[in-house]
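Observations on chain architecture
Below are the chains, spelled out letter by letter.
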Amino acid sequence: MAVRPYWKGYLKLSLVNCAVQMMPATSDSEKVKFHTLNRATNNRVVSQYVDSVTGKVVKEENEVKGYERGENDYVMLEDEELDNVALDSTRTIDISTFTKRDTIEWIWLDTPYYLSPNEKVAQEAFSVIRDAMASQEMVGISRLVIARRERAVMLEPRGKGIVLWTLRYGDEVRDEDSYFDAIGDEKPDSELLPLIQKLIKKQTKPWDAKMVVDPVQGRLLDIIKAKKKTQKKPAKSKKAPPPSSPTSSNVINIMDALKKSVARETRNKK
């Protein structure tokens with residue numbers, strides 16, 4: 001089944017621009033997902049915001065974002081105010097800066113997306129931007145609004161397309177030195193090192209996606225499959241037929257009417 005684009009807009013570099021679409025590069029749609037149910041009724045439960053003091057459910061129109069500046073003291077921000085601080089254009093990836101790919105460390109990379117031309121006429125402009133970056137081993141830096149949040153993004157040429165990475169902000173990245181400085185400077189035993197190297201060589205294999213299969217996923221599916229066999233499907237409640245009207249007589253489902261007639265005749269014969 002074809003995946004619908006997550007985002008559509010334009011890729012722009014100076015006067016060159018083209019229509020593009022963006023797809024998530026990863027997916028969790030195949031993961032086992034659960035709903036929370038009411039054990040007594042077998043119905044799904046819904047989440048609601050509840051006032052922490054009164055215990056009453058908060059109506060949607062009364063929900064508002066608040067920034068805590070002290071104990072029980074908040075600055076409230078309306079949706080319009082939050083929208084006003086976003087980018088002027090949420091539909092254009094305007095590449096403003098280029099930098100060498102190998103200068104951006106792995107820890108800054110957050111979520112990957114696949115970027116591709118959205119129209120046939122856009123392919124030439126798209127390929128020019130992509131190939132120009134690839135030839136100089138450069139990546140583009142831009143900004144984009146995703147899910148109402150402005151993100152810094154990196155555009156990296158890859159094959160025929162471009163991988164767009166959302167980037168973490170500076171206050172989200174912790175300095176590795178504060179964690180690694182406590183590690184001593186001792187050198188490994190000269191006799192142990194070759195043994196470990198030999199072990200690594202022996203256990204080296206080409207990369208395969210099967211190396212990262214989720215074992216819990218398989219076990220959950222086995223449990224669900226076993227429970228399906230032992231649990232009967234709940235009978236569907238019969239809905240009362242809608243009241244007929246003179247104007248609806250021409251849209252009677254003939255097949256349903258015939259089935260009901262046959263069933264009634266069978267009961268009468270018995």
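This text gives an overview of the structure that appears in the document. (Residues numbered from 1 in each chain as written. Predicted model: local features only at pLDDT ≥ 70, side-chain atom pairs only at ≥ 80, totals over all residues. Heavy atoms only, no water.)

This brings us to the overall build of the protein chain. In terms of helices and strands, the protein chain carries six helices and ten strands. Across the 270 residues that make up the protein chain, the buried fraction comes to 17%. Counting only contacts in the protein chain whose residues sit at least 6 apart along the sequence, the fraction spanning at least 24 positions is 60%. Here the protein chain has roughly 23600 Å² of accessible surface; of this, 54% comes from carbon and sulfur atoms. (Helix = DSSP H or I, 4+ residues; strand = E, 2+ residues; numbered from the N terminus. Buried < 20%, exposed > 50% of the residue type's maximum accessible area, 1.4 Å probe, protein only. Contact = heavy atoms within 4.5 Å. Areas by Shrake-Rupley, 256 points an atom, 1.4 Å probe, with all protein chains shown as cover.)

Right, let's get into a negative patch on the surface. On the surface, a cluster of negative charge is made up of E105, D175, E176, D177 and D181. Here D181 lies in the loop between α3 (177-180) and α4 (192-202). (Patch = residues over 30% accessible without salt bridge, like charges linked within 9 Å, V, L, I, M, F, W, Y side chains within 5 Å. Salt bridge = Lys/Arg side-chain N within 4 Å of Asp/Glu carboxyl O. Lys, Arg positive; Asp, Glu negative; His and termini not counted. Charge placed at Lys NZ, Arg CZ, Asp CG, Glu CD.)

Right, let's talk about the pairing of strand β9 (residues 149-158) for a bit. Taken across its ten residues, β9 has seven buried, putting it largely inside the fold. As paired strands, strand β8 (residues 138-146) and β9 are joined by seven bridges and run antiparallel to one another. Bridging from a neighbouring strand, R143 pairs with A152 of β9. In sequence, β8 turns back onto β9 through a hairpin of two residues, with A147 there showing a positive phi of about 55°. Examined bridge by bridge, β9 and strand β10 (residues 161-167) share seven bridges and lie antiparallel to one another. Bridge pairing in β10 places M154 opposite W165. Where β9 folds back on β10, the antiparallel hairpin that results is connected by two residues, among which G159 adopts a positive phi of roughly 60°. (Pairing = 2+ DSSP bridges.)

With that settled, consider a nonpolar patch on the surface. A cluster of nonpolar residues, Y67, V75, L77 and L82, forms a patch on the protein surface that exposes about 330 Å² of accessible area. By secondary structure assignment, the location of V75 is in strand β4 (residues 73-77).

As a further point, take unusual backbone geometry. Phi at S14 is positive, roughly 55°, even though this residue is not glycine. Its place among the elements puts S14 in the loop between β1 (7-13) and β2 (16-24). Phi is positive for N72, close to 55°, though the residue is something other than glycine. By the element assignment, N72 lies in the loop between β3 (65-70) and β4.

Quick look at the pattern of salt bridges now. The final tally for this structure, using the stated rule, is nine salt bridges. Between D73 and R69 there is a salt bridge, and its shortest N-O distance comes to 2.9 Å. The salt bridge partner of E156 is R158, with a shortest N-O separation of 3.7 Å. Within the structure, one salt-bridge network assembled from shared partners comprises R101, E156 and R158.

Turning our eyes to something else, we now look at the side chain of E156. Examined against the element boundaries, E156 turns out to sit in strand β9. Those residues in contact with E156, other than ones at most four positions away along the chain, are R101, V139, G161, I162, V163 and W165.

Read from one edge to the other, the open sheet built from eight strands follows the order β5-β1-β2-β7-β10-β9-β8-β6, with strand pairing classed as mixed. Of all strands in the sheet, those with a lone pairing partner are β5 (92-94) and β6 (97-100), marking the two edges. Here the strands of the sheet are splayed against their neighbours by 40° on average, with no regard to which way each runs. Running at roughly 80° to β2, helix α2 (residues 123-135) makes contact with β1, β2, β6, β7 (109-117), β8, β9 and β10 of the sheet. (Axes fitted to C-alpha atoms, helices over the stretch in contact; angles between N-to-C directions.)

Core analysis: the largest hydrophobic core is formed by 21 residues, its most contacted members being L11, M22, I93, L115, L144, L155 and L164. Of all the secondary-structure elements, those providing two or more residues to this core are β1, β2, β7, α2, β8, β9 and β10. Setting aside residues no more than four positions away along its own chain, L11 makes contact with V16, N17, C18, V20, I93, I95, L115, F126, I129, L155 and I162. By size, the runner-up hydrophobic cluster in this structure holds eight residues, among which are L109, A152, M154 and W165. (Core = buried A, V, L, I, M, F, W, Y, C linked by side-chain atoms within 4.5 Å.)

What follows covers the environment of V145. Looking at where V145 falls in the secondary structure, it is placed in strand β8. Using a relative accessible area of 13% as the deciding quantity, one classes V145 as buried.

Next up on the list: the environment of V128. Tracing the backbone shows V128 in helix α2. Remark: the alpha-carbon pair of V128 and V16, spanning 112 residues in sequence, is separated by 9.1 Å.

All right, on to the side chain of S142 then. Mapped onto the elements of the fold, S142 is located in strand β8. By relative accessible area, which is 4% here, S142 ends up buried. Of the polar contacts made by the side chain of S142, one reaches the backbone oxygen of D94; its length is 2.7 Å. Discounting chain neighbours no more than four positions away, the residues touching S142 are I93, D94, I95, R151, A152, V153 and L155. (Polar contact = N/O pair within 3.5 Å; in protein donor to acceptor, adjacent residues only side chain to side chain.)

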